[in-house]
Amino acid sequence: MQQIEFDTKWTMVIDVDKCTGCGACMVSCQAENNIAPMEDGSNKLKTLTWLLVYELNNGKDFPERESAYLPRPCMQCGKPACVPVCPVVATTKDEEGGIVSQIYPRCIGCRYCMAACPYHARYFGWFDPIWPEGMEKALSPSTSTRPRGVVEKCNFCHSRLLDARARARAEDMDPNKLPDGWYKPACLEACPTGAISFGDSKNPEHKVHDLIKDKNAFRLLESLGMDPQVYYISRRDWVREQSDNHLPKDKH
Amino acid sequence: MGIDRRTFIQLVTGGVVGSLFTPVIWKSLDDAAIWSQNWPWIPRLKYGQITEQATLSKFGPSPCSLTVKSVGGSPYVVKGNVENEMSKGGVDAISAGGAQLLYSPSRVNGPMKKVADGKYESISWEEAEKMLSEKLSAVKGQAGKLAIVSGDATGTSSEVLSAFAAGMGSSDCYLMPGDEQAAAVALDNMGGSGQIGYDLDNSDFVLFIGADAMNSWGSVVRNQRVYSEMRPTGEDLKSVYVYAGPFLNSTASSSDKWIPVAPGTGAIFSLGLAYHMLNSGSSASASDFADFKTLVMSRFTPDKVEKAIGVAPGVMAGLAKQLMSASAPLVISGSEFGQGAGAVDIIAATALNMLLGRVGEKGGMKLLADLPLAVDSAVSRTELSSRDFAGYLAAVASDKVKAPEVLLAYEANPVYAMPQADTMAAAIAKVPFLVSFSTWMDETASKADLIMPNPHSFERFDDAQTPYGVGVAMLSACAPVTEPIYNGKSTIDVVLGVASGLGIDLGYESAEAVLQAKAEKAGADWDSLVGGAAFVSDSTESGSLKFAASVLSKAVAMPKGGEIALAPYAKLNVGSSTVAIPPLNCVTISKFELQGKDLFVQINGVTAKKLNVSEGSKVKLTGTGGECVARVHINEGVMNDVIAAPLGFGHTAWDVFSRGKGDNISKILTVGTEPGTGMAVWTSSFVSIA
Ligand code: SF4
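Residues numbered from 1 in each chain as written. Chains lettered and ligands numbered in written order. Predicted model: local features only at pLDDT ≥ 70, side-chain atom pairs only at ≥ 80, totals over all residues. Heavy atoms only, no water.

## Quick notes on the sheet that holds strand 1 (residues 10–15) of chain A
As a general point, the strands of a sheet are linked pairwise by backbone hydrogen bonds and lie either parallel or antiparallel.
Then comes step 1: Read from one edge to the other, the open sheet built from four strands follows the order 8-1-10-9 (chain A), with strand pairing classed as mixed. Two strands close off the open sheet at either side, each with one partner strand: strand 8 (196–200) and strand 9 (217–218) of chain A. (Pairing = 2+ DSSP bridges. Helix = DSSP H or I, 4+ residues; strand = E, 2+ residues; numbered from the N terminus.)

Have a look at this one:
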């Protein structure tokens, strides 16, 4: 698939060493994006979690064991596997900034995109979204509610980008050159350990511009060549090695 | 020309390919998709003006200062309030869904009284207050007839409650168990006053002994923010963190080093480190230094410590050296699950801070001054913190103390959350008149004779003073950010009204007036507090500490060994001792902790072999006071002979999001008495497995 380059590249950088796996980001994502609460959250095959925190470990026995937590949003891939397989063009990557969109009313629920995404970042709504009585009053105005049978995913809280652009226009600034920190996804705002950084990696004034060049920065399954817009940082070798299914015989 | 199979397939394929190139099929699919998604039962979004307002959330053990975003007046999402020192802009996993909790199916929507068969009937506030007044007037002035327990360790509400108890002639006003209790008892034994605090912000080497700073110790969100500031992404680390505890919890996994140490052996670990420091010539000017030195050098030698807790002398010596060479080291001790630790753990860790010369220093351990009381007749915060509710209930359970006639539970759920839960619940069941001032239909409310719901913390005036663990005294406050959804009434208002009817003058007529007075007495500006700012006071207590060597000598016992130790842990995404699993949080729970209705406990491969269990085995865990059922998950991040088990499951009340999921580990905690201080402790709980 041909990669479209944009002037802006919204990029998330997650410091794995700082994530304590507390779950505040996941809850915040549910609230911001109107994901209905699920009685049985333990059925991980059928729950909706646009952002999921994985627990990793170094595979060694006690007392050599180490662990880490890895939050996984949609990677907003530069060459997304999910886009070309969608028969109804419900998902595209064509907006300035490079966020992969998902148009719910157009989705026919065929789930080809889920099969294609190697990051398991797409979720099928198996159940009708049901909010306990009255809780619909706490729905966020930023994300439409979806019925069951539709594929959903993280969109970097896209409505917050629209809000930031509106603010820029109101303040007579270029909506396509937002200052660092004007556009923040909900997970970042909730994260108590500041493990998530976010910004335009093509803009030298944004922190992520430098962070993605950090010597400890990596992306998940980089060898697949999907060019994700989510980077991770860890000082720990074993964390970085696991990110690309590193085998003992492989060289770094 | 006949049509053979081949021609037929060509025709069909041609048709299919042809249809793929016509837009008609895609257009109709698109239309069908849109039409089929237009279901009336999917709620429509509400639009309106978006506003932001500061508030406090008080769902967890430690308050969190937030900014709530509302649309058309309805709160829908929160973010951290970066202007506020108390939680420094972080959000915990309960508070993140705080707006949704307003509509939790567990909310009590008005006052209720118990009628026949454990059913409840809605009543008016007048009737509820009348009932309460009558019961209270029957016991007024009689010692031992009224007890109060508060689950809010930081609010001025607890001052009102303790002053009310005093006016009623009762000295039985308590806080729910928490690490601050051990700290207050420890400080008392060391001859200090005020509240122990830790200046994490300015320390360059922090040793956590047991204390799970990222989940349950101290002001968790603030700890996380400080940790974050000390480890800027992409830059050099500014502080080293070491965790000594029984398993690889979040604090251990985000620390630079994890030293496996069994639960309940923190004091031995500390004194083992003290040996190396004393050996290197460390000293402190305390009246009982010589006694302390003799005690440590004789009973906590490296070989004895290794035999008792399995930490090699080299590891201890290395860590002591690291502490001594750091420029601002700090040692923090606490329980692995935020409650039940003995005072000796804190005394022993304080001894290290004293040997390191870190008491009262920047980046060290502080003795924070209590802010002035708002209610004159209230018990001081230090005194209230040191009172032992578990000890009191255990005495009621064993009939050593007569059960009170009336028990008031404010924002507390003792029927579920006390150690040795079944025994303690049985003690509460002896109380003829139980009143619950809870926002939620929790286990205590569902046993209460009268329920008088307190509003959700986004709907009420409230405040929070110096959460345990922070390094400076502080005060935050909040005003309602939304109209009340249900017919709740602030418990402070209820108590003030009832008190005045009983002729007890607490000096105020409304909750708002008490909280304002507190702010004023502390020297803070009320308006800026409700606007989201925190008042910070650097006043500390003076005076020197002693080692409390005689207490240490009595209270630190070497473990017998050969038993399976229980290492409970608490994580905020599963709720807290006051809030069960919030609706949005179900999906955040690990599949290694809960699957369907099955709770999972964790042990390592060596222990599993010893116990003859494997991944997924169903086991019954038996402690002194009860049993729990769980499945086993093999986790090499747990030390040998230890079972790590999550608290917060096994609710019998609440709602579909939390009820009937897993089992309540509090049931198998064993409450003992700490020699030397007499306080109830339960960090050393052993279990048998079948
Ligand atoms: S992570 Fe998956 S869903 Fe997201 S853009 Fe990449 S392929 Fe598509």
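From this point, the discussion proceeds with the structure in view.
## Here's the deal with helix 9 (residues 266–279) of chain B
Every α-helical turn comprises 3.6 residues, leaving residues that sit three or four positions apart pointing alike.
Residues and elements named next belong to chain B.
Then comes step 1: If you check helix 9, its first and last C-alpha atoms are 20 Å apart, about what 14 residues at 1.5 Å a residue would give, namely 20 Å.
Then comes step 2: Summarising burial for helix 9: 13 of the 14 residues are buried, a large majority.
Then comes step 3: Gly-281 sits one or two positions beyond helix 9 and adopts a positive phi of about 95°. (Expected span 1.5 Å × (residues − 1). Buried < 20%, exposed > 50% of the residue type's maximum accessible area, 1.4 Å probe, protein only.)

## Points about the interface of chain A and chain B
Then comes step 1: Across the contact, 72 residues belong to chain A and 76 residues belong to chain B.
Then comes step 2: In total, chain A and chain B occlude about 5,700 Å² of area from one another, counting both sides; carbon and sulfur atoms represent 62% of this.
Then comes step 3: It is Val27(A), Phe62(A) and Pro141(A) that lose the most area in chain A upon contact with chain B, and together they represent 12% of the buried surface on that side.
Then comes step 4: For the pair chain A and chain B, the number of links is one salt bridge.
Then comes step 5: Taking the shortest distance from any N to any O, the salt bridge between Lys79(B) and Glu189(A) comes out at 3.9 Å.
Then comes step 6: Remark: the boundary between chain A and chain B carries 18 residue pairs in polar contact (both at pLDDT 80 or more). (Contact = heavy atoms within 4.5 Å. Buried area = accessible area lost by both parts, 1.4 Å probe. Salt bridge = Lys/Arg side-chain N within 4 Å of Asp/Glu carboxyl O. Polar contact = N/O pair within 3.5 Å; in protein donor to acceptor, adjacent residues only side chain to side chain.)

## With respect to the pairing of strand 3 (residues 67–72) of chain A
All names here are of chain A.
Then comes step 1: Extensive coverage of strand 3 is indicated by the burial of six of its six residues.
Then comes step 2: Covered by surrounding structure in strand 3 are Ser-67, Tyr-69 and Pro-71 together with Ala-68, Leu-70 and Arg-72, the residues of both alternating faces.
Then comes step 3: Note that strand 2 (residues 52–57) and strand 3 share six bridges and pair antiparallel. Each residue of the ladder has a partner; that of Glu-55, found in strand 3, is Tyr-69.

## Comments concerning the packing of helix 9 of chain B against helix 13 (residues 343–355) of chain B
Residues and elements named next belong to chain B.
Then comes step 1: For the pair helix 9 and helix 13, the least separation of the axes is 8 Å and the interaxial angle reads 20°. Of the possible angle classes, the one that applies to helix 9 and helix 13 is roughly parallel. For the crossing formed where helix 9 meets helix 13, the hand is left-handed. In this structure, helix 9 contributes Ala-267, Ser-270, Leu-271, Leu-273, Ala-274, Met-277 and Leu-278 to the contact, and helix 13 contributes Val-344, Asp-345, Ala-348, Ala-349, Leu-352 and Leu-355.
Then comes step 2: Of the residues assigned to the contact of helix 9 with helix 13, the class counts are eleven nonpolar, one polar and one charged. (Axes fitted to C-alpha atoms, helices over the stretch in contact; angles between N-to-C directions. Parallel < 35°, antiparallel > 145°, perpendicular 65-115°, else oblique. Left-handed = near helix turned anticlockwise from the far one by under 90°. Nonpolar A, V, L, I, M, F, W, Y, C, P; charged D, E, K, R; others polar.)

## A short note on the pattern of salt bridges
Then comes step 1: All chains considered together, the criterion is met by 38 salt bridges over all chains.
Then comes step 2: Taking the shortest distance from any N to any O, the salt bridge between Asp462(B) and Lys58(B) comes out at 3.5 Å. Of this pair, Asp462(B) sits in strand 17 (residues 462–465) while Lys58(B) is found in the loop between strand 1 (50–57) and strand 2 (64–71), placing the two residues 404 residues apart along the sequence. Of the two residues, Asp462(B) and Lys58(B), both sit in the buried class.
Then comes step 3: Between Arg107(B) and Glu459(B) there is a salt bridge, with the nearest N and O atoms lying 2.8 Å from each other. Placement of Arg107(B) in the loop between helix 3 (98–101) and strand 4 (112–114) and of Glu459(B) in the loop between strand 16 (450–451) and strand 17 is noted, with a sequence separation of 352 residues between them. Comparing Arg107(B) with Glu459(B), the two get one shared label, buried.
Then comes step 4: Bridged by salt links that share partners, the residues Glu32(A), Arg160(A), Glu189(A), Glu52(B) and Lys79(B) form one connected network.

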